[in-house]
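Structure at a glance
Listed here are the chains, written in short residue letters.
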Amino acid sequence: MELVNQHAKGIMEECKLRARDAGLRFDDETLEYIVTNRDMIELSPKIMIPTLYDYWVHDVRVLSGKGMYEAYPSNPYETVINTRPAISFYNDNNPDWLNVMIFYHVLAHIDFFQNNLYYKNTWDVDLAGQALADKRLIAQLRSEKGRWVDYVIEFARGIDNLVGFHRDLNRTLTREQGHVPDRIDFYFDRFLQKIKSIPQHVYLKEIDRYNQCRKDHADFFDQVIEQHPEFEEIFQKEKQKISPVKMDVMEYILKYSSFLRREENEWMKSVIHIVRSTSLYFQPQIRTKTMNEGWASFWHAHLFLKDDRIRGHETDFAKVNATVTAMPKVGLNPYALGLRLFEHIQEMEDRGRYSLDYFQLKDAVLRTKYDRTKNTGTDYIFFVRENMDDFSFINTFVDQEFVDRHHLFVAGKRFNPQHNTWQYYIKSKKVADYKQMVINTLHHPPDIYVVEEKTRNGILYLNHRFENKPLKQDFIENTMIGIEFLWGGPVHLETSVPSAAAQPGSPYINFWDPGAAGKTADSRQSPIQWKRVRYVLKDRKLHKQEL
């Protein structure tokens, strides 16, 4: 691994100027390295962070990666780390013209990292430096405690998806805005309706008054306090009741575990902190994969084709770009979906189609001709880049026109008894079905939290807020063994499982593993019935109880 030479650095600095002219915003300082395929294989298990702490699973994945590379010799063209300064790596096999295209791609990633609000808690963090400090601490602990360090890492990583990412992000944004966001909601939803039980016409008048105050930039609560002097006191009391600071599972264990409080086990807290903070750092990247790759693909194409320094390589670019951004018939390519959705949003906004007039049009011909020539599409996609994650991006902007234009569909699978074969068929072309299928592939960890009222007598009581997605049965026992170790006592987990009579199965072809689709034909699946159960783990033995 080595820094890029001055010639390449000069080319990249020119790319920065052109990217800024197009509207991208990022720090001046960046670091670029040339890496070999061996470097790529060795860094991939560490999420391309050379300073990340050592762990035996990383070594296993390096061996696996080397085997894969011998069978299928290919590696990414680049990768970039969200840190300050931003660090990017370029494969040493890349020709100069390709590095220009890739650098535009990298700049768009950096712009996304440094402007999307979901990354707010990472904007001032030198991840590479922090990871180096963590690595040194773990190395020191490993020299003192031996294999117990790896046990703690293993157990902590088993629950590192149960971190309160949205809570931490909301706390940061709320603190910056400097006001209590739910005061208005409390006044209208609880105070007027439930505490005062006012008539509907009075309630509507209050809404009108609120809207008028906003127009006049007047303080709405002046009159509220005058009419209801008790409001502020009630609000503060209710606020403490309805919005206590909730800790995620890892935080709760760190604070209340009797096992970790013992003097000889205090060092474990440092290891768990490192695992938790590393997980929190990468949560926004997991939740914006489609947007981030689509944004980078959008800008590398837009900027590369306007760059007069690469004349003569348009065909080479077309080949590489088509490979990266091809829309597969079955499967999901986040580069392709994100790119086309940004292009779709830009065009719709340019023509003024995000309006009530357009949505109320029923005539297909008039909808096709609809064009208010707003030409604000570029500004609008910057707004989308700043404020959304994959769920809101797909749920808001994938519409029937987008599905029709790109010939998208939901694939089904059924058994043909005559030919004794499985058949794939187009199950639906409706936007609702397609959108739901894509959303089902997004990162969505289980919502598991500590029930404090039932956590007593040394028992840690966890509840899984069920969202029609059961926990993976194979993982429950080992994960709970890890929690029991860190907690130092029995662990109870309440969740839902299919009842015996039900036939669970995926209604659609799985994007990532089409062969793993339901073993029964879709038409023969019966609705799944769920029942609540409690898993009890005590002394490393698991029992299941029906509730």
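Residues numbered from 1 in each chain as written. Predicted model: local features only at pLDDT ≥ 70, side-chain atom pairs only at ≥ 80, totals over all residues. Heavy atoms only, no water.

- Per an unreviewed UniProt entry, the protein goes by SpoVR-like family protein and derives from Desulfotignum phosphitoxidans DSM 13687.

Concerning the overall build of the protein
- When its secondary structure is counted, the protein shows 24 helices and 11 strands.
- Relative to the 2.2 N^0.38 estimate, which gives 24 Å for 547 residues, the radius of gyration of the protein is 27 Å and therefore close to what a compact globule would have.
- For the protein, the C-alpha atoms occupy an extent of roughly 70 × 70 × 65 Å along the three principal directions.
- Considering the protein as a whole, with its 547 residues, one finds that 44% of them fall into the buried category.
- Charge-centre separation for the protein: the mean point of 74 positive side chains lies 6 Å from the mean point of 76 negative side chains. (Helix = DSSP H or I, 4+ residues; strand = E, 2+ residues; numbered from the N terminus. Rg over C-alpha atoms; globule rule 2.2 N^0.38 Å. Buried < 20%, exposed > 50% of the residue type's maximum accessible area, 1.4 Å probe, protein only. Lys, Arg positive; Asp, Glu negative; His and termini not counted. Charge placed at Lys NZ, Arg CZ, Asp CG, Glu CD.)

Re the domain arrangement of the protein
- Domain assignment breaks the protein into domain 1 (2–129 + 281–322), domain 2 (178–240) and domain 3 (448–508 + 521–546).
- Look at where the C-alpha atoms of domain 1 and domain 3 centre, and you get two points 39 Å apart. (Domains from an automatic or database assignment.)

Overview of the sheet that holds strand 10 (residues 530–538)
- The 5 strands lie next to each other as 7-8-9-10-11, forming an open sheet whose pairing is mixed. If you trace the sheet from one side to the other, it starts and ends with strand 7 (447–450) and strand 11 (541–546), each paired once. On average, adjacent strands in this sheet sit at an angle of 25° to one another, irrespective of strand direction.
- Where strand 8 (residues 460–465) meets strand 9 (residues 491–498), 4 bridges bridge the pair, whose relative direction is parallel. (Pairing = 2+ DSSP bridges. Axes fitted to C-alpha atoms, helices over the stretch in contact; angles between N-to-C directions.)

Side note on the pairing of strand 2 (residues 30–35)
- Across 2 bridges, the pairing between strand 1 (residues 2–3) and strand 2 is antiparallel. When the bridges of strand 2 are listed, Leu-3 appears paired with Tyr-33.
- Bridge count for strand 2 against strand 4 (residues 86–91) is 6 bridges, and the pairing is parallel. Residue pairing in the sheet places Thr-30 in a bridge with Ala-86 of strand 4.

Points about the pattern of salt bridges
- Within this structure, the stated rule accounts for 34 salt bridges.
- Of the charged contacts, one joins Glu-230 and Lys-196 as a salt bridge, the two residues approaching to 2.7 Å between their closest N and O atoms. Taken together, the positions of Glu-230 in the loop between helix 10 (221–227) and helix 11 (231–242) and Lys-196 in the loop between helix 8 (183–195) and helix 9 (200–216) put the pair 34 residues apart, joining distant regions of the chain.
- Glu-230 gets classed as partly exposed once you look at its relative accessible area, which sits at 26%.
- The salt bridge partner of Asp-371 is Arg-351, with a shortest N-O separation of 3.8 Å. (Salt bridge = Lys/Arg side-chain N within 4 Å of Asp/Glu carboxyl O.)

A closer look at the packing of helix 1 (residues 6–22) against helix 4 (residues 96–115)
- The contact between helix 1 and helix 4 brings their axes to 10 Å, and the two run at 45°. Accordingly, the angle class assigned to the pair helix 1 and helix 4 is oblique. In the packing of helix 1 onto helix 4, the handedness of the crossing is right-handed. Where helix 1 abuts helix 4, its residues His-7, Ile-11, Met-12, Cys-15, Lys-16, Arg-18 and Ala-19 lie against Asp-96, Val-100, Phe-103, Tyr-104 and Leu-107.
- By residue class, the composition of the contact of helix 1 with helix 4 is 8 nonpolar, 1 polar and 3 charged. (Parallel < 35°, antiparallel > 145°, perpendicular 65-115°, else oblique. Left-handed = near helix turned anticlockwise from the far one by under 90°. Contact = heavy atoms within 4.5 Å. Nonpolar A, V, L, I, M, F, W, Y, C, P; charged D, E, K, R; others polar.)

Thoughts on the packing of aromatic side chains
- Per the stated rule, a full pass over the model turns up 46 aromatic pairs.
- Ring geometry for Phe-188 against Tyr-210: centres 5.8 Å apart, planes inclined by 70°, an arrangement best described as edge-to-face. Placement of the pair is Phe-188 in helix 8 and Tyr-210 in helix 9, with a sequence separation of 22 residues.
- Relative accessible area serves as the criterion here: at 7%, Phe-188 is assigned to the buried category.
- Geometrically, the ring pair formed by Phe-259 and Phe-485 is edge-to-face, given 5.2 Å between the ring centres and 65° between the ring planes. (Phe/Tyr/Trp six-rings, centres within 6.5 Å; stacked < 30°, edge-to-face > 60°.)

Details of the packing of helix 8 against helix 9
- At a closest axis distance of 11 Å, the pairing of helix 8 and helix 9 adopts a crossing angle of 165°. As judged from the angle between their axes, helix 8 and helix 9 are roughly antiparallel. Considering only the axes of helix 8 and helix 9, their crossing is right-handed. Counting all contacts with helix 8, which are made through Ile-184, Tyr-187, Phe-188, Asp-189, Leu-192 and Gln-193, the residues of helix 9 involved are Tyr-203, Glu-206, Ile-207 and Tyr-210.

Re the environment of Tyr-203
- Assignment of secondary structure puts Tyr-203 in helix 9.
- By relative accessible area, which is 17% here, Tyr-203 ends up buried.
- Residues Tyr-203 and Leu-192, 11 residues apart in the sequence, show an inter-C-alpha distance of 7.3 Å.
- Aside from chain neighbours lying at most four places away, what touches Tyr-203 is Phe-188, Asp-189, Leu-192, Gln-193 and Ile-198.

Regarding helix 16 (residues 314–325)
- Over its 12 residues, helix 16 runs 16 Å from end to end, which matches the ideal 16 Å to within 8%, given 1.5 Å per residue.
- Residues of helix 16 that are buried: Phe-317, Val-320, Asn-321, Val-324 and Thr-325. Considered in projection along helix 16, the buried side chains sweep an arc of 115° and stay on one side of the axis. Exposed and oriented more than 90 degrees from the buried face of helix 16 are Thr-315, Lys-319 and Thr-323.
- Where helix 16 is buried, its residues meet helix 4, helix 15 (289–304) and helix 17 (334–350). (Expected span 1.5 Å × (residues − 1). Arc of directions from axis to C-beta.)

Focus on the sheet that holds strand 3 (residues 78–81)
- What the 4 strands build is an open sheet, ordered 1-2-4-3; its pairing is mixed. Both outer strands of the open sheet, strand 1 and strand 3, are each paired with one neighbouring strand and no more.

Comments concerning the side chain of His-344
- Within the secondary structure, His-344 sits in helix 17.
- Within the local environment of His-344, its side chain forms a polar contact with the side chain of Asp-399, the two groups lying 3.1 Å apart. (Polar contact = N/O pair within 3.5 Å; in protein donor to acceptor, adjacent residues only side chain to side chain.)

Some remarks on the side chain of Thr-278
- Secondary-structure assignment places Thr-278 in helix 14 (residues 266–287).
- Classification of Thr-278 as buried rests on a relative accessible area of 17%.
- In contact with Thr-278, other than residues within four places in its own chain, are Leu-52 and Tyr-53.

Observations regarding the confidence of the model for the protein
- Residues of the protein with pLDDT of at least 70 account for 93%, and the chain-wide mean is 88.
- In this model, residues 517–523 is a region of pLDDT below 50 whose contacts with residues beyond four sequence positions or in other chains number 15 contacts. (pLDDT = per-residue confidence, 0-100.)

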